[in-house]
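Observations on the model geometry
For reference, the chains in residue letters:
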Amino acid sequence: MKMTLTEMKKQVLSLIEEINNDSDLLTDDPDISNKINYVINQIQNELSRIKKIPARETIIVKKDQMEDLNDLVDNFYQLNIIKGVKHNLYQNTVEFQENGSAEVFYFKYPKQIVENTDGNYKFELSIDALQIMPYGVAGDLLKSDISANYGQVYSNRYSELKQQLDPRYHTGSIYVDDGGIDEFL
C-alpha cells in the first residue's frame, strides 16, 4: 500500500506538534500550510536520487534520430539501459542507429508535488524512504524558526537515517551448473 500526501502531511505535522485534524489544511499555522507541499516535494526528489525509482518505456524510433533523454521519457533522472535497437549515447543524448522499438530502462524523478496537489497523491518512493521523509520535511519546515532548535534536531535525525538507506535493489541470483543455467532465484 502506498502512502498518500495527506498521510505524509499528518505524519509531519504530528511530529512537529502542529496538527489540527479539524482544519482542512491540517494545521493552524499559515506559514507551514503555505510551504509544506513544496518542502515535501524537495525531500521526495532528494530521496529519489538515493532510492531510485525504476521505470521503463517502449518507444518507436527511427534511424539517425537523436533525442535528449529528458525529452524522450517522463521525469528522467538517470539511464539504466536501452534495449532493442542499436544506439550511441552522448551523456544524456541518444542517437538511434536503426528503425525499431527501443525499450528504455531508466530511473525517474517522482511526479512533482505543487501547491494544489490533491491529498490522494500516492508517493512512488520505497517504504524505507517514506519512513524517514517526515524528519527531512520537519527539519526544513522548522529551519527558520530560531525560537527553538527543533529544525536542527529533525535535520540531524534525517541525515542519520538517510545514511542508513540501502540504494541497492535486489536483482536476484543465478545458479550455474555443469548443465547451464538451472534457475533464477
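Scroll up to find the structure.
Residues numbered from 1 in each chain as written. Predicted model: local features only at pLDDT ≥ 70, side-chain atom pairs only at ≥ 80, totals over all residues. Heavy atoms only, no water.

**Regarding the environment of K108**
Note the cut-off: To qualify as a helix, a DSSP run of H or I must reach at least 4 residues; to qualify as a strand, a run of E must reach at least 2; elements of each kind are numbered from the N terminus. The criterion used for residue contact is that any of the two residues' heavy atoms lie within 4.5 Å. Each polar contact in these results corresponds to two N or O atoms within 3.5 Å; when the atoms are within protein, one needs to be able to donate a hydrogen and the other to accept it, and residues that are neighboring in sequence are counted only if both atoms are side-chain atoms.
By the element assignment, K108 lies in strand β6 (residues 100–108). Taking C-alpha positions, K108 is 7.8 Å from S48, a pair spaced 60 residues apart along the chain. Not counting the four nearest positions on each side in its chain, K108 is found in contact with S48, I53, A55, D74, N75, Y77 and E124. Reaching out from K108, the side chain makes a polar contact with the side chain of E124 at a distance of 2.6 Å.

**Re the sheet that holds strand β1 (residues 53–61)**
Sheet strands pair by backbone hydrogen bonding; their relative direction is either parallel or antiparallel. The test is simple: Any two strands between which DSSP finds at least two bridges are classified as paired. Axis geometry follows a simple rule: fit a line to the C-alpha atoms, using only the stretch in contact for helices, then measure angles between N-to-C directions, giving values from 0 to 180 degrees.
The strand order across the open sheet built from 3 strands is β1-β6-β3, with neighbouring strands paired in antiparallel fashion. Sheet topology places β1 and β3 (76–83) at the edges, where each strand pairs with a single neighbour. Taken over all neighbouring pairs, the strand axes of this sheet differ in orientation by 30° on average, direction set aside. Where β3 lies against β6, 6 bridges are found, and the strand directions are antiparallel. The residue of β6 that forms the bridge with Q78 is F107.

**Some points on the packing of aromatic side chains**
A ring pair, where both rings are aromatic, is described by two values, the distance of the centres and the angle of the planes. Filter applied, for reference: Side-chain rings of Phe, Tyr and Trp, where Trp is taken by its six-membered ring, are said to pair if the distance between their centres is within 6.5 Å; with planes under 30 degrees apart they count as stacked, over 60 as edge-to-face, and otherwise as tilted. Any residue under 20% of the maximum accessible area for its type is buried, any over 50% is exposed, and the rest in between are partly exposed; the area is computed with a 1.4 Å probe on protein chains only.
With the rule as written, the count across this model stands at 3 aromatic pairs. Ring centres of F76 and Y106 lie 6.1 Å apart, and the angle between their planes is 35°; on these two criteria the pair is classed as tilted. Taken as a pair, F76 in strand β3 and Y106 in strand β6 lie far apart in primary sequence, 30 residues in all. In this structure F76 comes out as buried when scored by relative accessible area, which is 6%. When its relative accessible area of 3% is taken as the criterion, Y106 is described as buried. Here the aromatic rings of Y77 and Y109 are separated by 5.1 Å at their centres, their planes lie at 65°, and the arrangement is edge-to-face.

**Regarding unusual backbone geometry**
Its identity is not glycine, yet E17 carries a phi of approximately 55°, on the positive side. On the secondary structure map, E17 appears in the loop between α1 (5–15) and α2 (30–50).

**Notes on the environment of V94**
Secondary-structure assignment places V94 in strand β5 (residues 93–96). Relative accessible area serves as the criterion here: at 0%, V94 is assigned to the buried category. Separated by 25 residues in the primary sequence, V94 and L69 place their C-alpha atoms 6.9 Å from one another. In this structure, V94 is in contact with Q65, M66, E67, L69, L72, I82, H87, N88 and L89, ignoring residues within four places of it in sequence.

**Details of the pairing of β5**
Relative to β5, strand β2 (residues 66–68) is paired through 3 bridges, and the arrangement is antiparallel. When the sheet's bridge partners are listed, M66 is paired in β5 with E95. By the bridge criterion, 4 bridges tie strand β4 (residues 87–90) to β5 in an arrangement that is antiparallel. Directly across from N88, in β5, lies its bridge partner E95. Following β4, the chain reverses through 2 residues before pairing antiparallel with β5; Q91 in that reversal takes a positive phi of roughly 55°.

In short, shape yes, function no, at least from these values alone.
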